[in-house]
Amino acid sequence: MWDDAFPSFLIGLREGLEAGLIVSVLVATLVRSDRRARLPHVWTGVAAAIGLSLSFGAILTFTSANLSGKAQEAFGGTLSLIAVVFVTAMVFWMRRSARTFSGEIKQKVTAALGMGAGVLVVTSFLAVGREGLETALFLWTTAQAAGSSSGPLVGAAAGLLIAAALCWGLYRRVLHINLTKFFTITGIVLIVIAAGVLGYGLRDLQESTLLPGGTAYAFDLTAHLDPSSWYVTVVQGTLNLTPQMTWLQVCVYGAYLAVVITLFVRGVRAVAPAPAPAPAPAPAKPATGTEPAPAPAQPESAAMTGKSEPESAATTGKSEPAATTGKSEPEPGATTAASQPEPTPARPESVPPARPAAFALGSETKAPRRIPRWTVPVALVCVPALIAGIAIAASDGKPASSAQVIEVSAAHCGKGFSAPKPGRQTFQVRNTGSRTSEIYLIDPVSNAVYGEVEGIAPGTTRALIASVGTGSYAWRCVPNGGKAVTSAAVKVSAGGSTQAVLPVSAKDLAAPLASYRTYVDQGLTDLLAATRTLQDDIDANKLDQARKDWLTAHVRYASLGAAYGTFADFDAKINGRTAGLAGGVTDPAFTGFHRIEYGLWHGASAADLAPYAKRLTSDVDALRKDFPKQDFDPGDLPLRTHEILENTLHRELSGNADYDSGTELATTEANLQGTRELLNLLRPLVDKRNPEVTPAVDTWMQRTERLVRAQQGKDGTWTPLDRLSLADRQHLDGTLGQLLEQLAPIPDLLEIRKAA
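In this text, all values refer to a predicted model and were calculated from it rather than measured experimentally.

## Re the pattern of salt bridges
Under the defined criterion, the tally for this structure stands at 10 salt bridges. Arg-547 serves as the salt-bridge partner of Asp-544, at 2.7 Å between the closest nitrogen and oxygen. Here Arg-547 and Asp-544 lie together in helix H12 (residues 543-558), a separation of 3 residues that amounts to about one turn. By relative accessible area, which is 24% here, Arg-547 ends up partly exposed. Residue Arg-640 pairs with Glu-643 through a salt bridge whose shortest N-O separation is 2.8 Å. Of this pair, Arg-640 and Glu-643 are both found in helix H17 (residues 636-650), 3 residues apart, which corresponds to roughly one turn of the helix. Its relative accessible area of 29% is what places Glu-643 among the partly exposed residues. Here the salt bridges share partners, and the residues they tie into one network are Asp-621, Arg-624 and Lys-625.

## Section: H17
Because the α-helix completes a turn every 3.6 residues, residues three or four places apart line up on one side. With 15 residues, H17 should reach 21 Å at 1.5 Å per residue; the first-to-last C-alpha distance of 20 Å fits that figure. The sharpest bend along H17 reaches about 30 degrees and sits at His-642. Along H17, the residues classified as buried are Asp-636, Leu-637, Pro-638, Arg-640, Thr-641, His-642, Ile-644, Leu-645 and Thr-648.

## What about the confidence of the model for the protein chain?
For the protein chain, the mean per-residue pLDDT works out to 75, and 67% of the residues sit at or above 70. Here residues 282-367 is a poorly scored stretch, pLDDT under 50, and it has 149 contacts once near neighbours within four places are set aside; other chains count. Low pLDDT (under 50) marks residues 391-401, which in the prediction has 17 contacts with non-local residues, meaning those over four places away or in another chain.

## Examining the pairing of strand S5 (residues 437-442)
Most of S5 is tucked away: 6 of the 6 residues are buried. Pairing of S5 with strand S6 (residues 449-456), which is carried by 5 bridges, proceeds in the antiparallel orientation. Across the sheet, Ser-437 pairs through a bridge with Ile-456, a residue of S6. Connecting S5 to the next strand, S6, in antiparallel fashion are 6 residues, including Asn-447 with a positive phi near 70 degrees. Pairing of S5 with strand S8 (residues 471-479) involves 6 bridges; the strand directions are antiparallel. If you follow Ile-439 over to S8, its bridge partner there is Cys-477.

## A short note on the sheet that holds strand S7 (residues 461-468)
In spatial order, the strands read S3-S4-S7; together these 3 strands make up an open sheet with mixed pairing. Looking at strand neighbours, the two that pair on one side only are strand S3 (404-408) and S7, the edges of this open sheet. The sheet shows a mean angle of 35 degrees between the axes of neighbouring strands, taken without regard to direction. The pairing of S3 with strand S4 (residues 423-431) spans 5 bridges and is classified as parallel. Residue pairing across strands places Val-405 opposite Gln-428, the latter belonging to S4.

## Let's talk about the packing of aromatic side chains
Per the counting criterion, the structure on display carries 10 aromatic pairs. Note on Trp-550 and Trp-601: the rings are 5.5 Å apart at their centroids and 70 degrees apart in plane angle, and the pair reads as edge-to-face. With Trp-550 in helix H12 and Trp-601 in the loop between helix H15 (593-600) and helix H16 (606-626), the pair connects residues that are 51 residues apart, well separated along the chain. For Trp-601, a relative accessible area of 28% puts it in the partly exposed group. When the centroid spacing of 5.5 Å and the interplanar angle of 40 degrees are considered together, the rings of Phe-590 and Tyr-659 count as tilted. One end of the pair, Phe-590, is in the loop between helix H14 (569-575) and H15; the other, Tyr-659, is in the loop between H17 and helix H18 (664-689), with 69 residues separating them in the sequence.

## A look at the packing of helix H11 (residues 510-539) against H12
Contact geometry of H11 with H12 gives a least axis separation of 9 Å together with a crossing angle of 165 degrees. Our classification of the angle between H11 and H12 gives roughly antiparallel. Crossing of H11 against H12: the hand is left-handed. Seen from H11, the contacting residues are Tyr-519, Gln-522, Gly-523, Asp-526, Leu-527, Ala-530, Thr-531, Thr-533, Leu-534, Asp-537 and Ile-538; seen from H12, they are Gln-545, Ala-546, Asp-549, Trp-550, Ala-553, Arg-556 and Tyr-557.

Definitions and limits used
- Residues numbered from 1 in each chain as written.
- Predicted model: local features only at pLDDT ≥ 70, side-chain atom pairs only at ≥ 80, totals over all residues.
- Heavy atoms only, no water.
- Salt bridge = Lys/Arg side-chain N within 4 Å of Asp/Glu carboxyl O.
- Helix = DSSP H or I, 4+ residues; strand = E, 2+ residues; numbered from the N terminus.
- Buried < 20%, exposed > 50% of the residue type's maximum accessible area, 1.4 Å probe, protein only.
- Expected span 1.5 Å × (residues − 1).
- Bend = angle between axes of the 7 residues up to and from the residue.
- pLDDT = per-residue confidence, 0-100.
- Contact = heavy atoms within 4.5 Å.
- Pairing = 2+ DSSP bridges.
- Axes fitted to C-alpha atoms, helices over the stretch in contact; angles between N-to-C directions.
- Phe/Tyr/Trp six-rings, centres within 6.5 Å; stacked < 30°, edge-to-face > 60°.
- Parallel < 35°, antiparallel > 145°, perpendicular 65-115°, else oblique.
- Left-handed = near helix turned anticlockwise from the far one by under 90°.

As structure tokens, this is what we get:
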């Protein structure tokens, strides 16, 4: 846990300090202007910003949790790149604005005071909300890289607490920090950490196949370095550098560091404060033997300037955080010592030079310090890091968690596994091998799967959550391009029964696939005959009969819905719509059933429709000949049980697929028929894994079919969708939606798993 805490600790400290300084300036501005009654408005905006940040983190977490393995990699990789952009922009913005941001905030607050409470709430909300969103995004990406949220959350909490303590000390004038140097040093460290996050994000995108080069390794030190050793864990947790990295990761990592650090350092030098001018010669001593009182220094806070004398507390008599600009001026109406000069005792000729500016404000005359001012802030930052390092060394780099840490590789699958306790358990799965692997917790007797982690990269840790009950348990590791390895089994004798999923292999789906290919092949033969009949009607100028035969041919094609994915370009030619076509219904690429439908129900002549009918017959014939040679992924069969009717809900029942024939419900009935045919072929596999699924599907399938068939007349015509009452449409949509809910488990139950 501690090895993953440092990056989050640093971002929590830095972002917390920025947000804390903003809040301090807001509060101090109101206090100094005697507007304490407006303070609740500031805290309301701050609370809203915190709530927004927490909600944003929750959205990221739950969105990722509901994605497939590759989609999670793509999602995490994309957000990692976005986080790098935000952190880089933050570092450069703070370097540029550190000297002026307090004054800008004061101006906004002053303007807001004259515009009402709502504007003040919005001002504080926007000021703090940006910092919160950046923090939430970066913490989420570091948690993804770590494979666990405990370390990043502990680190972030520690950083935020220390930031709060620093801001309190700065506000109460008991602490002095040169924030210019602080933000410069932490900025460089954050750039290095961001480079590691960038490399991690690119690796995620390579794992998701969105980027190439996933197997082109620049180096592979896994044979020489133990990925679970504490020193490798520290480097990986803080810098996101792993013993195995691709060329893309290494090149982008190096290029980012070279370019960004160079620009950052140049910018720091460009904004370095000019040296203080030489003090003016002392004026001649008056004849009276006394010298005039020295002119008071301009009141100026040293927040992030490092170049001005701290303002005397006597200036206003009120506390103010030192988050002001490098050139602030006395508050209006404030009475200073300089405004009422008095005779002073004689002094030596020379006046000591002004001290370098510290952060906090305080009395101008203080007792000499034996301990340097930077000791306290440096100790607050370094002590937690030192404690974390000691904890890492003492724990040998292993997470301090009650969860079992399971090491997996092609050689040793399930290392560290012992009989788990009954109930819901979390296993931290660490890939110590050199290949990306699929990891399964299985019942070694039946091969049923209790839990799985897809695509775990070398050197990374991912959580696997499973419910443990009475039974046998073992780990099965399937590295990419390698053979499956199964660990020794352990038995659990306590707890109730748990549900595991019996894995499905491509061999299990071979028989249903063969039967479905036969069904589609016969359907294409029937479709060809129906389209020839339609063509003959049009050639003979029998347009009334053509409308009837068009519907017969179209619903036959719709009943083959599960094969759409294999029809490739033929589907666009045979059943394409105008979506995406610049010319709409007049576009030359608009052909097939819907083009003929548009003509038949918009008064087109037989001569105009004849070329489209002829082309439709030709395309169907070409598809029938080509289909036996097309590949049909067996994994598509379970997916189609849900996708056919999902498309029906979005297209036919929304009216988007109708070109005025009013036959949307006829097509819906055909899609129900195609889904039922597919379900009958897969029923034995589904029932073997969960016998409760198909009865529920049958119930809602019958209800949906009854509602649809109720709209068909005795003469075979169908009620157009737009003529249904609102209540009937809502009833039909709701029933089909419930049917989709019952079909949803089938793709997961019949997903092809390497554990099989």
